[in-house]
Amino acid sequence: MSTQLLVGGRIYSSSAPDATALAVTDGVVVWLGADHVGRALHPDAEIVELDGAFVTPAFVEPHLHTTALGLRLAGLDLAAARSLTHCLELVADYAARHPDAAILADGWDETRWPEGRPPTVAEVDAAARPGQVVYLARVDAHSAVASSALLDAVPGLRSAAGFTPGEPVRAAAHHLVRAAARARLTR
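Residues numbered from 1 in each chain as written. Predicted model: local features only at pLDDT ≥ 70, side-chain atom pairs only at ≥ 80, totals over all residues. Heavy atoms only, no water.

1. Regarding the overall build of the protein
Part 1 of the argument: A tally of regular secondary structure across the protein gives six helices and 11 strands.
Part 2 of the argument: On C-alpha atoms alone, the protein measures out to a radius of gyration of 24 Å, which is more than a quarter above the 16 Å that the 2.2 N^0.38 rule sets for 187 residues.
Part 3 of the argument: Each of the three principal axes of the protein carries a C-alpha extent, and together these read 70 × 30 × 30 Å.
Part 4 of the argument: Out of the 187 residues belonging to the protein, those deemed buried represent 37%.
Part 5 of the argument: Across the protein, the fraction of contacts at a sequence separation of at least 24, relative to all contacts at a separation of at least 6, is 56%.
Part 6 of the argument: Treating the 15 positive side-chain charges of the protein as one cloud and the 21 negative ones as another, the clouds have centres 9 Å apart. (Helix = DSSP H or I, 4+ residues; strand = E, 2+ residues; numbered from the N terminus. Rg over C-alpha atoms; globule rule 2.2 N^0.38 Å. Buried < 20%, exposed > 50% of the residue type's maximum accessible area, 1.4 Å probe, protein only. Contact = heavy atoms within 4.5 Å. Lys, Arg positive; Asp, Glu negative; His and termini not counted. Charge placed at Lys NZ, Arg CZ, Asp CG, Glu CD.)

2. Quick look at the sheet that holds strand E4 (residues 28–33)
Part 1 of the argument: Strand order in the open sheet formed by four strands is E4-E3-E1-E5, with mixed pairing between adjacent strands. One side of each edge strand has no neighbouring strand; the edge strands of this open sheet are E4 and strand E5 (46–49). Neighbouring strand axes in the sheet, compared pairwise and without regard to direction, differ in orientation by 20° on average.
Part 2 of the argument: Sheet topology places strand E1 (residues 3–7) next to E5; four bridges connect them, and they run parallel. Directly across from glutamine 4, in E5, lies its bridge partner glutamate 46. (Pairing = 2+ DSSP bridges. Axes fitted to C-alpha atoms, helices over the stretch in contact; angles between N-to-C directions.)

3. Observations regarding the environment of valine 124
Part 1 of the argument: Locating valine 124 in the fold gives a position in helix H4 (residues 121–127).
Part 2 of the argument: For valine 124, a relative accessible area of 0% translates into the label buried.
Part 3 of the argument: Residues valine 124 and leucine 88, spaced 36 residues apart in sequence, show a C-alpha to C-alpha distance of 6.9 Å.
Part 4 of the argument: Once you skip the residues sitting within four places of it in the chain, valine 124 turns out to touch Leu88, Pro119, Val134, Leu136, Val145, Ala146 and Ser147.

4. Comments concerning the side chain of histidine 174
Part 1 of the argument: Structurally, histidine 174 is set in helix H6 (residues 171–183).
Part 2 of the argument: Accessibility expressed as a relative area gives 2% for histidine 174, which makes it buried.
Part 3 of the argument: In this structure, histidine 174 is in contact with Tyr135, Ala141, His142, Ser143, Ala144 and Val169, ignoring residues within four places of it in sequence.

5. Focus on the layout of surface pockets
Part 1 of the argument: The computed volume of the second largest pocket comes to approximately 270 Å³.
Part 2 of the argument: As for the second largest pocket, its lining consists of 14 residues, of which Tyr94, Ala101, Ala102, Leu185 and Thr186 are closest to the centre.
Part 3 of the argument: When residues of the lining of the second largest pocket are traced back to their parent elements, those giving at least two are helix H2 (66–74) and strand E8 (103–108).
Part 4 of the argument: Within the lining of the second largest pocket, the residues separate by chemical class into eight nonpolar, three polar and three charged. (1 Å grid on protein atoms, 1.4 Å probe; cavity = no way out; pocket = protein on both sides within 12 Å on 5 of 7 lines; lining within 4 Å. Points joined across faces, edges and corners; volume = space filled by probe spheres on them. Nonpolar A, V, L, I, M, F, W, Y, C, P; charged D, E, K, R; others polar.)

6. A few points about the side chain of histidine 42
Part 1 of the argument: As for its placement among the helices and strands, histidine 42 is situated in the loop between helix H1 (35–41) and E5.
Part 2 of the argument: For histidine 42, the contacting residues outside a window of four places in its chain are Thr3, Ala23, Val30 and Trp31.

And the structure:
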């Protein structure tokens, strides 16, 4: 049997959150813990220095929405909005800099704002350019506020579950609006 001892790393494990080392024998992790304990338990192991690298099990589903992350990095991040007014100012500034583009934004959270409410369609329309497509996803990504230009472009929206006039779109209505917004993106 061949054993390798990987030391000096940051090892992800819910059972040993402070682990810095792990031993692998014939491709199977057989131990994890602190470097000095690993060296004592496996004195004949081949030592592999990790130099602080992070080690995590393979095939872990972190529930990352890769497309959403890419769109967030390329779009408007509203996580820093301190208030409803500030959120709308960020949208207006972005719209002025991107007058012909569909605006996809996310990260707003009305529970942190003094106003305690999400933007309305009329407020989003006023912040954007006339007729501009705007999609503002809430921080949890389960609801959104959209411009009237986007809402009007979605067939069947008003009969979809989760559509209530004047409220953020949710459930099936949200999925329809999000798909329509993404369809308007260009490279």
